[in-house]
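Structural features, examined
Spelled out, the chains give:
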Amino acid sequence: MACHILLFALLALASSRVMASDPSQLQDFCVADLKSPADDFFFSGHDMPGNTSNQLGSKVTQVNVNQIAGLNTLGISLARIDYAPYGLNPPHTHPRATEILTVLEGTLYVGFVTTNTNNGNLLFTKMFKKGDVFVFPEGLIHFQFNYGPTPAVAVAALSSQNPGVITIANAVFGSNPLISDAVLAKAFQVGKDTIKYLQAQFWVDNN
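Source: prediction; values computed, not measured.

Considering all chains together, one arrives at four salt bridges under this definition. Between Arg80 and Asp82 there is a salt bridge; the shortest N-O distance is 2.9 Å. Judged by its relative accessible area of 9%, Arg80 falls in the buried class. One salt bridge connects Asp181 with Lys196, and the closest N-O pair in it is separated by 3.8 Å. Remark: Lys196 occurs in helix 4 (residues 192–199) and Asp181 occurs in helix 3 (residues 181–188); sequence separation between them is 15 residues. For Lys196, a relative accessible area of 45% puts it in the partly exposed group.

Mapped onto the fold, Glu138 is located in the loop between strand 7 (133–136) and strand 8 (141–146). Through-space distance from the C-alpha of Glu138 to that of Leu158 is 9.2 Å; in sequence the pair is 20 residues apart. Setting aside residues up to four positions removed in sequence, Glu138 forms contacts with His94, Pro95, Arg96, Ala97 and Thr98.

To continue, consider the packing of aromatic side chains. A complete count under the given rule lists nine aromatic pairs for this structure. Pairing Tyr109 with Tyr147 gives two aromatic rings, centres 5.6 Å apart and planes at 45°, and the pair type is tilted. With Tyr109 in strand 5 (residues 107–113) and Tyr147 in the loop between strand 8 and strand 9 (152–158), this pair connects stretches of sequence that are 38 residues apart. When its relative accessible area of 22% is taken as the criterion, Tyr109 is described as partly exposed. Residue Tyr147 is classed as partly exposed on the basis of its relative accessible area of 44%. Judged by centre distance (5.2 Å) and plane angle (55°), the rings of Phe134 and Phe136 are tilted. Of the two residues, Phe134 and Phe136, both sit in the buried class. An aromatic cluster is built from Phe112, Phe124, Phe128, Phe134 and Phe136, whose rings are joined through pairwise contacts.

Let us now look at the packing of helix 3 against helix 4. Viewed as axis vectors pointing N to C, helix 3 and helix 4 meet at an angle of 110°, and their least axial separation amounts to 9 Å. The orientation of helix 3 relative to helix 4 falls into the category roughly perpendicular. At the point where helix 3 passes helix 4, the crossing takes the right-handed sense. Here Asp181, Ala182, Leu184, Ala185 and Phe188 of helix 3 lie close against helix 4, whose contacting residues are Lys192, Ile195, Lys196 and Gln199. Of the residues that constitute the contact of helix 3 with helix 4, the class distribution is five nonpolar, one polar and three charged.

Its place among the elements puts Val103 in strand 4 (residues 99–105). Along the primary structure Val103 and Gly131 are separated by 28 residues, whereas in three dimensions their C-alpha atoms are 5.6 Å apart. Apart from residues no more than four positions distant in its own chain, Val103 is found in contact with Leu108, Phe128, Lys129, Lys130, Gly131, Asp132, Val153 and Ala154.

Reading across from one edge, 1-2-9-4-7 is the order of the five strands in this open sheet, with antiparallel pairing throughout. Each end of this open sheet is capped by a strand with a single partner; those strands are strand 1 (58–63) and strand 7. The average undirected angle you get between the axes of adjacent strands in this sheet is 20°. Note that strand 2 (residues 77–83) and strand 9 share seven bridges and pair antiparallel. Pairing of Tyr83 across the sheet is with Ala152, part of strand 9.

With respect to topology, five strands assemble into an open sheet ordered 6-5-8-3-10, the strand pairing being antiparallel. Strands at the two margins of the open sheet, each flanked by one partner only, are strand 6 (123–129) and strand 10 (166–167).

Here the focus is the side chain of His142. Relative to the assigned elements, His142 resides in strand 8. Here Glu99 takes part through its side chain, which lies 3.0 Å from a polar atom of the side chain of His142. Beyond its immediate chain neighbours, meaning those up to four positions away, His142 contacts Pro90, Pro91, His92, Thr93, His94, Glu99, Gly111, Phe112 and Phe136.

What counts, and where the lines are drawn
Numbering of residues starts from 1 in each chain and follows the order in which that chain's sequence is written. Reporting of local features is limited, given that this is a predicted model, to residues whose pLDDT is at least 70; pairs of side-chain atoms are given and counted only at 80 or more, and all residues count toward the totals for whole chains, interfaces and linings. Note that water and hydrogens are dropped before the side-chain values are worked out from all heavy atoms of the structure. Salt bridge criterion: a side-chain nitrogen from Lys or Arg within 4 Å of a carboxyl oxygen from Asp or Glu. Burial classes: relative accessible area under 20% of the type maximum marks a residue as buried, over 50% as exposed, and values in between as partly exposed (1.4 Å probe, protein chains only). A run of DSSP states H or I qualifies as a helix once it reaches four residues; a run of E qualifies as a strand once it reaches two. Both are numbered from the N-terminal end. Note on definitions: a residue-residue contact is assigned when non-hydrogen atoms from the two residues lie within 4.5 Å. To pair, rings of Phe, Tyr and Trp, with the six-membered ring standing in for Trp, must have centres within 6.5 Å; the planes then decide the type, stacked if under 30 degrees apart, edge-to-face if over 60, and tilted in the middle. Here an axis means a line fitted to C-alpha atoms, over the contact stretch when the element is a helix, while the angle between two N-to-C directions is reported on a 0 to 180 degree scale. Put simply, angles under 35 degrees are roughly parallel, angles over 145 are roughly antiparallel, angles from 65 to 115 are roughly perpendicular, and the rest are oblique. Crossings are sorted by hand: turned counterclockwise from the far helix by less than a right angle, the near helix makes the crossing left-handed, and turned clockwise it makes it right-handed. Each residue receives one of three labels: charged for Asp, Glu, Lys and Arg, nonpolar for Ala, Val, Leu, Ile, Met, Phe, Trp, Tyr, Cys and Pro, and polar for the others, Gly being one of them. Pairing between two strands is assigned when DSSP locates at least 2 bridges connecting them. Distance and chemistry together define a polar contact, namely a pair of N or O atoms within 3.5 Å, with one atom able to donate a hydrogen and the other to accept it when in protein, and with adjacent residues in sequence counting only for side-chain atoms on both sides.

Structure below.
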């Protein structure tokens with residue numbers, strides 16, 4: 001009996017060590033072209049401001065595996081976010097990544113909302129300025145808003161080669177085909193006319 005207990009304890013310890021660290025790479029990198037050029041590990045242009053002349057007043061310039069093939073299997077990517085005065089990077093989620101954001105210029109109001117709890121969906125917010133860093137946990141709804149009268153710039157690192165993005169308003173009111181207005185009216189506890197009005201809007205994609 002004592003032997004069984006010891007074996008169980010050792011297995012539990014080994015499992016906890018496995019769960020506590022990232023899997024090791026089996027090779028240096030994984031690019032389909034075996035004669036891959038150096039450009040597969042390079043991206044140019046992150047110093048250039050994104051075009052913020054849209055309804056949201058923001059632009060996200062992504063650098064993920066779609067831009068740098070060498071990121072494949074490496075579990076990391078980057079994004080530059082430009083904000084016009086009073087520009088917004090609207091509530092959205094990254095289903096496959098945690099995000100860490102730092103402000104290069106300006107002042108931002110940022111926040112994220114937790115999953116459902118006994119105390120409701122908790123909101124964590126912060127006003128932060130040049131040099132400050134904020135973390136958005138994987139999969140949680142989050143946003144950034146430029147409160148200032150001058151442009152702002154931030155850079156985000158994400159823990160996935162392809163983090164994905166779901167912009168909440170676009171997904172709910174601008175899906176293709178549209179979600180039934182009866183479903184959304186019931187969910188948001190408003191009239192169908194309100195839902196139809198929202199579905200008729202042009203939902204900007206700032207990515």
